[in-house]
Amino acid sequence: MLKIKCPFCGVRDESEFNCGGEAHIVRPTTDFKLTDKIFSEYLFMKYNPKGVFLERWCHTSGCRRWFNLARDTVSHEIIEIYPMGVFPKTVKGKKAYRANWRRKSKSEAVSKHAKRTKK
Amino acid sequence: MAKLNIDRGTRAFARKSKRYSIFSIAKNAASYHQKWQQAWRHAEPKSTYDAVIIGGGGHGLATAYYLANIHGMTNIAVIEKGWLGGGNTGRNTTIIRSNYMWDESAAIYEHALKLWEGLSQDLNFNVMFSQRGVLTISHSEHELKGMSRRVHAIRLNGIDSDILSPSEIKKLVPTINIDPNIRYPVMGGFLQKRAGTARHDAVAWGYARAADELGVDIIQNCEVTGLRRNGNQITGIQTTKGFVKTSKVGCVVAGHSSIIADMANIRLPITSRPLQAIVSEPIKPILDTVIMSNAVHMYISQSDKGEMVLGAGVDKYNSYAQTGSWTIPEHMVAAAIDLFPFLSQLRMLRQWGGIVDTCPDASPIISRTDIKGLYFNCGWGTGGFKATPGSGHVFADLIANDRPNPIALPFGLKRFETGYLIDEHGAAGVAH
Ligand SMILES: [Zn+2]
């Protein structure tokens, strides 16, 4: 059982939350020529690491607000909780962000987001 | 629905080693069971194999057995990180059935069920396959209507399936609570009589012994650390026991599929989740049918040892720890007690989790990859055990002939690009 510190309500039981899966996935923009392969990569393919994973959670039985969370998928240790639309700040969190294959994927390369974060 | 002749192979037990039979039990009793032959060799890796299977669970061992027995590939190895059947093969709730709605799923699960019927004879190993029937209960008018649609689709594929009324259910399962005033009242259900259970460890051991006898090397405590390739062709695997040269690698590693795929820079639509089960203290025989409920998300059966075996759905977040959150068993026990009030008197003995490889359409992946000689058999998610013989059978065919047969064809990785998904989230029932 996880104890999750909701940024808005404080520490609560895992059962009050829902996990929304991988964070920071960027939808490829349509002003590029999208192939089925690139869209499939965005829509279906998963980053599924054994180690630190960045994911979205929602405090469904509480304030119903979303936030990001960096968690180890082996020890279940929660490393960092940070707001939506923001990148992780801890060393482990940053490393997990870079380790994700999506950062080098075609689906992310053709998104506006990638161009913005490169600057 | 695609159908193939069930080729059970002809090469098995060519070495004429000692058979298991009632006579061998009697003979060994005379020597106080001290002289039983070793079931399989403790092999060390050779430098070269024609094919290597990564993963010594039921599906991997079945693949190796059928590669050797049907396709004549005996210079092969199974490489297992831990011990045989120590992953999901030894952690599931042993339910076997083939009552899936979509033609593609019906084909592969029925193929498996046909192989289950006769597997003990094929392997000369009692896998304790017991066709005790699987009953899926519905708790509302609407669920019952959806269920009858499924039953008709299943019957059109020639798979046995019957709708039962609450009173027929009470007759079949006298301990069930059919009071209409409980939280989830029993409104009806459907039964597959040919479905049932098997002894999960025996499946791994039986396949291992039979494969070993055909010359397959079974290498335990050996972890794969890397894949080597030359251009687009696989050339070997790096393991903790050294480099092994091979041009064909079959990955059957369930929850760890993404880890192996990463070594080859291949993307999979897999997430790894814990799936939990619990068993009670053993009691006298009281339940001889497998009961499943999709609405309350619970399935229950009684093992031959007398333990009540319960399972539920996956945990809600990714994990590689073979445990899980307490909320899941709590919910599963509450639902079980509602249906079977006598269960409240039982103590639960053990709880555990296995890491399952869930797929977006809840159907498996049996596929070639962009790398020549690298094959994946994964994505079975919460319901792989029932498919063990069928999965190994068609995967061996894929590896040996480098093309999927009609049963395996719909389960290729390409479906995530074409959109031809085999959506079994509802059609299979939650607990599959
Ligand atoms: Zn909150």
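Structure: above.
Reading the values: rules and limits
Residues numbered from 1 in each chain as written. Chains lettered and ligands numbered in written order. Predicted model: local features only at pLDDT ≥ 70, side-chain atom pairs only at ≥ 80, totals over all residues. Heavy atoms only, no water. Pairing = 2+ DSSP bridges. Helix = DSSP H or I, 4+ residues; strand = E, 2+ residues; numbered from the N terminus. Axes fitted to C-alpha atoms, helices over the stretch in contact; angles between N-to-C directions. Polar contact = N/O pair within 3.5 Å; in protein donor to acceptor, adjacent residues only side chain to side chain. Donors = N, O, S within 2.8 Å, 3.2 Å for Na, K, Ca; no water. Tetrahedral: all angles 85-135°; square planar, octahedral: opposite > 155°, others 65-115°. Buried < 20%, exposed > 50% of the residue type's maximum accessible area, 1.4 Å probe, protein only.

Enquirer: Help me understand the sheet that holds strand β19 (residues 374–378) of chain B, please; the structure alone is not making it clear to me.
Expert: By way of backbone hydrogen bonds, the strands of a sheet pair with one another, either parallel or antiparallel. Residues and elements named next belong to chain B. Judged by pairing direction, the sheet is mixed, and its six strands sit side by side in the order β8-β2-β1-β12-β19-β18 without closing on themselves. Each end of this open sheet is capped by a strand with a single partner; those strands are β8 (217–219) and β18 (365–368). Put simply, the sheet's adjacent strands are angled 15° from each other on average, direction ignored. In the sheet, β18 pairs with β19 via four bridges, with the strands oriented antiparallel. Bridge assignment links R368 to a residue of β19, and that residue is Y375.

Enquirer: Please clarify how the sheet that holds strand β10 (residues 233–239) of chain B should be interpreted in this entry.
Expert: Residues and elements named next belong to chain B. Here we have three strands laid out as an open sheet, ordered β9-β10-β11, and antiparallel in their pairing. Looking at strand neighbours, the two that pair on one side only are β9 (224–230) and β11 (242–245), the edges of this open sheet. Strand-to-strand twist in this sheet, taken as the mean axis angle between neighbours without regard to direction, amounts to 25°. Bridge count between β9 and β10: six bridges; the pairing is antiparallel. Each residue of the ladder has a partner; that of R228, found in β10, is G236.

Enquirer: Sorry if this is basic, but what is going on with helix α1 (residues 22–30) of chain B here?
Expert: Every α-helical turn comprises 3.6 residues, leaving residues that sit three or four positions apart pointing alike. Taking the backbone nitrogen of F23 of chain B as reference, a side-chain oxygen 3.2 Å away marks S21 of chain B as the first, capping residue of α1 of chain B. Directly beyond the C-terminal end of α1 of chain B, a positive phi value near 55° is found at Y32 of chain B.

Enquirer: Which parts of the structure should I look at to understand the coordination of the zinc ion?
Expert: Each donor-metal-donor angle would ideally measure 109.5 degrees in four-coordinate tetrahedral geometry, or 90 or 180 degrees in six-coordinate octahedral geometry. Residue and element names in this part refer to chain A. At the metal site, the zinc ion is ligated by C6 (SG), C9 (SG), H59 (ND1) and C63 (SG), and these contacts range over 2.0 to 2.3 Å. In this structure, the zinc ion is surrounded by four donor atoms whose angles at the metal cover 105 to 118°, and the resulting shape is tetrahedral. Spacing between the donor residues of the zinc ion along their common chain follows C-x2-C-x49-H-x3-C. With a gap of 54 residues between them, C9 in the loop between β1 (3–6) and β2 (10–13) and C63 in the loop between β4 (52–58) and β5 (66–72) connect regions that are remote in the sequence. A relative accessible area of 29% means that C9 is categorised as partly exposed.

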